[in-house]
Amino acid sequence: MDIEFIKKYETRAPRYTSYPPANFFTEKVDNEIYKQQIVDSNSRNPQNISLYVHIPFCPQLCNFCGCTTFFNSDVQRVKRYVSALETEIKNVASLLDTKRPVTQIHWGGGTPNALKTSVIDKIINIFAKYFNISVDAEIAMECNPAYMDLNDIKDYNTIGFNRLSLGIQDFDEKILNIINRKSSKLPVNQLIEQMHSLGMKGINLDLVYGLPCQTENSFVDSVNKAIETGADRIVTFSYAHVPWVKPAQKVLESKGLPTAEQKISMFSAANDVLTKKGYFFIGMDHYCKPNDELSYALQNGMLKRNFQGYCTSRTTGQVYGFGATSISQLFGSYIQNIKNPEDYMQSIETNGFAVSRGYVLDFNQIICREVIGEVMCNGKLNFAICADRLSVDVQTIKKSIDYDVNKFLKFINDGILTANEDGLELKRDAIFAVRNVAVLLDPMMKNNEKMFSKTI
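In this report, we go over the structure that sits alongside the text. Since we're looking at a predicted model, the values are computed, not measured.

Cut-off values and rules
- Residues numbered from 1 in each chain as written.
- Predicted model: local features only at pLDDT ≥ 70, side-chain atom pairs only at ≥ 80, totals over all residues.
- Heavy atoms only, no water.
- Core = buried A, V, L, I, M, F, W, Y, C linked by side-chain atoms within 4.5 Å.
- Buried < 20%, exposed > 50% of the residue type's maximum accessible area, 1.4 Å probe, protein only.
- Contact = heavy atoms within 4.5 Å.
- Axes fitted to C-alpha atoms, helices over the stretch in contact; angles between N-to-C directions.
- Helix = DSSP H or I, 4+ residues; strand = E, 2+ residues; numbered from the N terminus.
- Parallel < 35°, antiparallel > 145°, perpendicular 65-115°, else oblique.
- Nonpolar A, V, L, I, M, F, W, Y, C, P; charged D, E, K, R; others polar.
- Left-handed = near helix turned anticlockwise from the far one by under 90°.
- Expected span 1.5 Å × (residues − 1).
- Polar contact = N/O pair within 3.5 Å; in protein donor to acceptor, adjacent residues only side chain to side chain.
- Arc of directions from axis to C-beta.
- Pairing = 2+ DSSP bridges.
- Salt bridge = Lys/Arg side-chain N within 4 Å of Asp/Glu carboxyl O.

Describing the nonpolar core
Phase 1 of the analysis: Core analysis: the largest hydrophobic core is formed by 130 residues, its most contacted members being W107, F131, F161, L166, M195, Y344 and L424.
Phase 2 of the analysis: Apart from the residues within four sequence positions on either side, Y344 is in contact with Y81, A84, L85, E88, G323, A324, N337, I338 and A354.
Phase 3 of the analysis: Judged by nonpolar contacts, the second largest core, of 10 residues, contains F64, I175, L176 and I178.

Shown next as structure tokens:
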């Protein structure tokens, strides 16, 4: 990757985890609209169900984090939160066709693995009580290795987890101290070995570049250490400095954040190391071993994505979120719960639901979501395939996204994209520019002044 070439495409754009992006959500969406959308989702595709549960508690708050997290609470508060989860799960399930299979359960936070194993087991059993969980469902949890030992991994596997994601962020103790994060309790390679010995797959290490005091050399060192653990997947997230959203991030400014050029160098160098070691570049920031399920999905044009990360057509489903700040991703809408745990619990106890905002899509936006999702995940767009999935004609799709080959002349002339009346395709070594391409397929980004993170 040529650094000057990458810099040419450095700009601000949505990450397109959803379409429209979350900063388009509105408070006009409420509990009643959510109920209607749940019922409507039963007759929509995909028929598979994905479940997401948000655990908002953390033993320690990292000041780089963009997630909704709170200090861990006492036993009674956790007990009350679990009770609220069960009420919400029961109420959502009552509106669903529970013959639909659950193919994915994802735990996020916060720090889910900071909960006692007995509490985690209880929540899994609540899901099993109300839903039809497939025998081959992916059951995954985001974990902080600072609060994990080998026995914990055995317990998680016994409960039903078959994939874990470890938030490493960086292997350098100095950098971890700056972002107020503890290092792994045990050597990470020991944790990975234990997971593999129990048959877990898709084991994932998260790294972040662009943190204070990071350099190209130091980040490459962290990447090499991640590779040495034998992890199936390695993610190199770009630190999104958004203090207007997360004021706690302002403290990092005094520590000296890397420049845009330095971040690009980190990204480029890390990519070189990972691809030379045989990892496939997936989407914007994921790297997977060639035999990983995501690698096969990419090669077959079957890669998907939701708020929980990349997944496959086999596991992806309409997402039903539970807990404070969780987001449901249904065929026709996005629904987000109240962020504050206390307010969330109060709303569940009073109303049975806790919607704070969301977005209901019209059919043109559903078309745009399909198109942008294809490009963001698989790096290409075939109009005929999208038209078949949505049961519309090709011209309807082109009209919805205002498609014009001339919009992509810069990319075509730079040799990183081909485009014609049948669709377009990014070269694999130019996937870093995928957000730039997606913006040109998005009618909602015309004259848009909303703030987004940088593309690299």
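Brief notes about the packing of helix α12 (residues 363–378) against helix α14 (residues 394–401)
Phase 1 of the analysis: Running from N to C, α12 and α14 point in directions that differ by 95°, and their axes come no closer than 9 Å. Classified by the angle between their axes, α12 and α14 sit roughly perpendicular to one another. Note on element contacts: α14 touches α12 through T396, I397, S400 and I401, opposite N364, I367, C368 and V371.
Phase 2 of the analysis: For the contact of α12 with α14, a count of residues per class yields 5 nonpolar, 3 polar and no charged.

Section: the environment of I234
Phase 1 of the analysis: Considering the arrangement of structural elements, one finds I234 in strand β8 (residues 233–238).
Phase 2 of the analysis: The buried category is assigned to I234, whose relative accessible area is 0%.
Phase 3 of the analysis: Once the C-alpha coordinates of I234 and H54 are considered, the two residues, 180 residues apart in sequence, prove to be 22 Å apart.

Here's the deal with the packing of helix α5 (residues 150–159) against helix α7 (residues 188–197)
Phase 1 of the analysis: At a minimum axis distance of 10 Å, the contact between α5 and α7 shows a crossing angle of 30°. Between α5 and α7, the angle is such that the two are roughly parallel. Seen from above, α5 lies across α7 with right-handed handedness. Residue-level inspection shows L150, I153 and K154 of α5 in contact with α7, the latter providing Q190, L191, Q194 and M195.

A word on α12
Counting along an α-helix, one turn takes 3.6 residues, and residues three or four places apart therefore face a common direction.
Phase 1 of the analysis: The first and last C-alpha atoms of α12 sit 22 Å apart over 16 residues, in line with the 22 Å expected at 1.5 Å per residue.
Phase 2 of the analysis: A large share of α12 lies buried, amounting to 13 of its 16 residues.
Phase 3 of the analysis: For α12, the N-terminal cap is D362; the gap from its side-chain oxygen to the backbone nitrogen of N364 is 3.1 Å.
Phase 4 of the analysis: Just downstream of α12, G379 is the residue with a positive phi angle, here 70°.

Let's talk about helix α3 (residues 75–93)
Phase 1 of the analysis: Taking 1.5 Å as the rise per residue, α3 with 19 residues should run 27 Å; its terminal C-alpha atoms sit 27 Å apart, in good agreement.
Phase 2 of the analysis: Among the residues of α3, those classed as buried are V78, Y81, V82, A84, L85, E88, I89, V92 and A93. For α3, the angular spread of the buried residues around the axis is 160°, confining them to a single face. The exposed residues of α3 that point more than 90 degrees off its buried face are Q76 and K79.

With respect to the sheet that holds strand β18 (residues 417–420)
Phase 1 of the analysis: Pairing within the open sheet is antiparallel, and its 3 strands lie in the order β17-β19-β18. Each edge of the sheet is formed by a strand with only one pairing partner; in this case those strands are β17 (380–382) and β18. Adjacent strand axes in the sheet meet at a mean angle of 10° when their direction is disregarded.
Phase 2 of the analysis: Direction of pairing for β17 relative to strand β19 (residues 423–426): antiparallel, over a ladder of 3 bridges. By the bridge assignment for β19, N382 is matched with G423.

Some points on the pattern of salt bridges
Phase 1 of the analysis: On inspection of all chains with the given rule, the structure shows 19 salt bridges.
Phase 2 of the analysis: The closest approach of N and O atoms between R44 and D40, which form a salt bridge, is 3.3 Å.
Phase 3 of the analysis: Taking the shortest distance from any N to any O, the salt bridge between K304 and E374 comes out at 4.0 Å. On the criterion of sequence distance, the pair formed by K304 in strand β11 (residues 303–306) and E374 in helix α12 is long-range, its members being 70 residues apart.
Phase 4 of the analysis: Residues joined by salt bridges that share partners form a network here, namely R77, R80, E342 and E349.

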